[in-house]
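An overview of the molecular structure
Listed below are the residues making up each chain.
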Amino acid sequence: MPSEPLERSKLSDQTEFEGLWVLMEGGDTRGWFSGTVSAAVERIESMKQVRLKIIHADLPPYEGDMKMIVFDQGDRAQAVLRMKESEEDSCLWRLRCMEKVLSEEIRGNFNRLATAMNVLKHPSLFRPSGQPSSIPLNNPTPPTSRPNSANGFERAARPLNKLTLSTFRRSSPSPNLNNIPTTLVQDGSYLELLNLKLSEAVSKALAQPTGPAAAFELLAGKRPIPVGRGHALGDLIASELKATQDSPHLYRAIIRSLHRPLSVLLTNLSAHLIPLISSSAFQLPPSVHSPNPNPTQLHAIATATFVGELLETFDQYDLGTDVDVRGDGLKPIREGLVSLINRVVGPMMNIIRNELMPLLEALEIPNSAHGPKPVPGAKSLSPHHPSVVALQTTMPVYAKVIARLTTSASSQATLATFLISVVWRALVALSHRPYVPATPPTSPGLAPVGLKKNRGSTTPPMTPPASRFNIKLPPSRPPSPPTLIIPATAAADARALFDLLNLLPRPEGNRESTRLAREVVDDAFDGLQALPALLDAVHAVPAKIDSHDRLDQVARDLELLATNVPLLIALPVVLQAPANGSGIVSVSSLLGFGDAQYRKECMSGFGRAEQCAITVAHRVLESLRSNTDVHSVVYRWLDMEVIEALEQAA
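These remarks concern the structure in this document. Since the model is a prediction, treat every value here as computed from it, not as a measurement.

Scoring rules and cut-offs
- Residues numbered from 1 in each chain as written.
- Predicted model: local features only at pLDDT ≥ 70, side-chain atom pairs only at ≥ 80, totals over all residues.
- Heavy atoms only, no water.
- Helix = DSSP H or I, 4+ residues; strand = E, 2+ residues; numbered from the N terminus.
- Contact = heavy atoms within 4.5 Å.
- Areas by Shrake-Rupley, 256 points an atom, 1.4 Å probe, with all protein chains shown as cover.
- Salt bridge = Lys/Arg side-chain N within 4 Å of Asp/Glu carboxyl O.
- Phe/Tyr/Trp six-rings, centres within 6.5 Å; stacked < 30°, edge-to-face > 60°.
- Buried < 20%, exposed > 50% of the residue type's maximum accessible area, 1.4 Å probe, protein only.
- Pairing = 2+ DSSP bridges.
- Expected span 1.5 Å × (residues − 1).
- Bend = angle between axes of the 7 residues up to and from the residue.
- Axes fitted to C-alpha atoms, helices over the stretch in contact; angles between N-to-C directions.
- Parallel < 35°, antiparallel > 145°, perpendicular 65-115°, else oblique.
- Left-handed = near helix turned anticlockwise from the far one by under 90°.
- Core = buried A, V, L, I, M, F, W, Y, C linked by side-chain atoms within 4.5 Å.

Across its full length, the protein holds 19 helices and 9 strands. Sequence-distant contacts in the protein: of pairs separated by 6 or more residues, those separated by 24 or more amount to 73%. For the protein, the exposed area adds up to about 34,900 Å²; of that, 55% sits on carbon and sulfur atoms.

The next point concerns the pattern of salt bridges. Counted according to the given criterion, the structure contains 19 salt bridges. Put simply, Arg51 and Asp75 hold a salt bridge, and the shortest N to O gap is 2.3 Å. Of this pair, Arg51 sits in strand β3 (residues 51-55) while Asp75 sits in the loop between β4 (66-71) and β5 (77-85), and the two are 24 residues apart along the sequence. Taking the shortest distance from any N to any O, the salt bridge between Asp522 and Arg506 comes out at 2.8 Å. Of this pair, Asp522 sits in helix α13 (residues 515-539) while Arg506 sits in the loop between α12 (490-501) and α13, placing them 16 residues apart in sequence. One salt-bridge network, held together by shared partners, links Glu364, Asp595 and Arg599.

With that settled, the discussion passes to the packing of aromatic side chains. Evaluated as defined, the whole model comprises 5 aromatic pairs. Both rings, one in Phe498 and one in Phe525, keep their centres 6.3 Å apart while their planes meet at 65°; by these two values the pair is edge-to-face. With Phe498 in helix α12 and Phe525 in helix α13, this pair connects stretches of sequence that are 27 residues apart. Neither residue differs from the other here; Phe498 and Phe525 are each classed as buried. Through a chain of ring-to-ring contacts, three or more aromatic side chains come together here, namely Phe17, Trp21 and Tyr62.

Another point: the pairing of strand β2 (residues 28-33). Counted residue by residue, β2 has 6 buried out of 6 residues, so it is predominantly covered. Burial along β2 is two-sided: the residues Asp28, Arg30 and Trp32 and Thr29, Gly31 and Phe33 are all buried. As paired strands, β2 and strand β6 (residues 91-97) are joined by 6 bridges and run antiparallel to one another. Considered in β6, the bridge of Phe33 is made with Cys91.

Look at the link from Pro60 to Pro61: it is a cis peptide, with omega at 0°. With a phi close to 55°, Ala220 is a non-glycine residue in the positive phi region. Residue Ala220 is classed as exposed on the basis of its relative accessible area of 78%. Positive phi, close to 55°, is recorded for Asp318, a residue that is not glycine. Along the polypeptide, Asp318 turns up in the loop between α8 (295-316) and α9 (331-361).

Turning our attention to helix α10 (residues 386-405). Residue pairs spaced three or four apart in an α-helix point in one direction, given the helix's 3.6 residues per turn. Here α10 is 20 residues long and its end C-alpha atoms lie 28 Å apart, about the 28 Å a rise of 1.5 Å per residue gives. The largest bend in α10 comes to about 45°, at Thr394, with the proline Pro396 one to four residues further on. Of the positions making up α10, those classed as buried are Ser387, Val388, Leu391, Thr394, Met395, Val397, Tyr398, Ala399, Val401, Ile402 and Leu405. The secondary structure elements touched by the buried residues of α10 are α8, α9, α11 (412-431) and α12.

Let us now look at the pairing of β4. The side chains of a regular strand alternate between both faces of the sheet. Within β4, 6 of the 6 residues are buried, leaving the element largely enclosed by the surrounding structure. Burial along β4 is two-sided: Met66, Met68 and Val70 and Lys67, Ile69 and Phe71, pointing in opposite directions, are all buried. Inspection of the sheet shows β3 paired to β4 by 5 bridges, in the antiparallel sense. When the bridges of β4 are listed, Arg51 appears paired with Phe71. Relative to β5, β4 is paired through 6 bridges, and the arrangement is antiparallel. Within β5, the position partnered with Ile69 by the bridge is Val80. Connecting β4 to the next strand, β5, in antiparallel fashion are 5 residues, including Asp75 with a positive phi near 60°.

We now examine the side chain of Arg433. With respect to the helices, strands and loops of the structure, Arg433 is situated in the loop between α11 and β9 (484-485). Setting aside chain neighbours within four positions, we find Arg433 in contact with Leu363, Glu364, Ile365, Pro366, Asn367, His385, Ala488, Thr489, Ala490, Asp493 and Gln576.

With that out of the way, let us pick up the packing of α11 against α13. Two numbers describe how α11 lies on α13: the axes approach to 10 Å, and their chain directions differ by 20°. By the criterion of interaxial angle, the relationship of α11 to α13 is roughly parallel. Crossing geometry of α11 relative to α13 is assigned as left-handed. Touching Ala416, Leu419, Ile420, Val423, Leu427 and Leu430 of α11 are Ala517, Val520, Val521, Ala524, Phe525, Gly527, Leu528 and Leu531, all from α13.

Counting residues in each nonpolar core, the largest one holds 128 residues, and the members touching the most others are Leu337, Val616 and Trp637. Looking at this core element by element, the count peaks at 13 residues for helix α7 (residues 248-277). The contacts of Val616, once residues within four sequence positions are left out, are Leu568, Leu571, Val587, Leu591, Tyr598 and Cys602. Listed in part, the 22 residues of the second largest apolar core include Ile44, Leu52, Ile54 and Cys91.

Below, the structure is given as structure tokens:
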């Protein structure tokens, strides 16, 4: 059939050829034809049921090579051919074809006049494979012997450098997916092959890994999805998108090609995850005795990790972020993938939070002397609160599990919420713990050393035992001094708790999407870190300050120490300043509310406490004017805080 020469103004055919050349890399054949390129083109044109599209040698890609695309009756590209003119009316050709029958037919047309051919199973780009096995002759009857036989038609042998394909090699690097078309492929064969490639990649991503499996990771005879498969699938998608960024039409076509395989992937992952998160084994919290996730949790975490790796490619190319329905259409898929991560990370974080909250709430109860057993030989011992002692063993386990759960950017918001709630509960408990002076316990009374005489008794005294008259030798070493157990103060427990919570991972600060979450978490930890110094300073305030200048100085020092502490957290702490009153005054009593109502309305979190801070401070200032049970420094400090807050708001 007649060919369609390419006009220089049409660049779509050049793009189509380059894309097809890359995609058909597997079916590569090459050889030498003892005729001109024009003769070779005529041979291919004589084939039936095919249509040709020719790209001249002076046009890219692969300038210097005549390029040809072979279409079948369905107008689908089935083969691509490159031919380079050589000396003595011959040419070198290279064919890439995915259809075996068509490949043999094209080679058969070349073999009518040429017998030199070398088929490479794994060819490299135009690498010479040596001298052809035979030299064609120009007589109609092919000879049965080599050209150097005693034949009248023998011809001089060509130098090896003329039979090699080195002159056929381009100076630029071999084509790859990064050099993909600048315009859309017209016949759609590229997209058809891409769909098959993506479907195969999705199947491989969810396939069971090979090799021996550890006993702790097997669940119903299956292993979890290995780490890195999400990155592999994402890299494949990224390579296709990156290669077509300069071609908007082809870029959108590839985006549309992602819908079906990613929808299948989302459906399969959901079906795999539902029985895992519904299992009772998924709800088991980690502990010191079982620090690693059980097989059910391990499979769920592996699924979330795979999705997180894939979503990194979504973030890189902003896939699924368009609000407009005319966008890429991947928003439902993106939301579904994020939902899979949240269905794993959220419940497991709640399990750990439920284990931590009772221990943190117990910090509000004053520390007692019933801590660890006294250490022999120690002069004094300051045991931490039982909650802190318990957290010293469990917090490293929780930190390891949380770090494994929150590897993806989509889980960073859940991590930030968890950390903020934990730190806030610790701040509320420590700031509302009643102040107990750290004084050693009184010494026990002496036991009686003998019996009083009974004046009315006439019974003769008993004869002392013989052991009484033994010689008493001094002991080999002096007795150990008595151990004094002094419970740790709230400040000491706050420092220990900050070190323990600091073991937990924080949101990543190097990503734009998680930078705000990291800043909020850092602010919460800064408040917990500043609390111990404020507690120590408040408890060291003198009970009576006569000088106004001294009062202002103490209030100013407290204000500086409370800079990073939320106002409603610092207020109950400063109210603990020693005074002549009969007891500690609470914030709720100054407001006229019950303690439970005050905490519910104003102390539910950082945000709510910040909203209520100025209102509560004004009400407390009004109550302090007539209250003599509160230290005078409290009023002066709170007045400074209100003035500073109003200046910042203005």
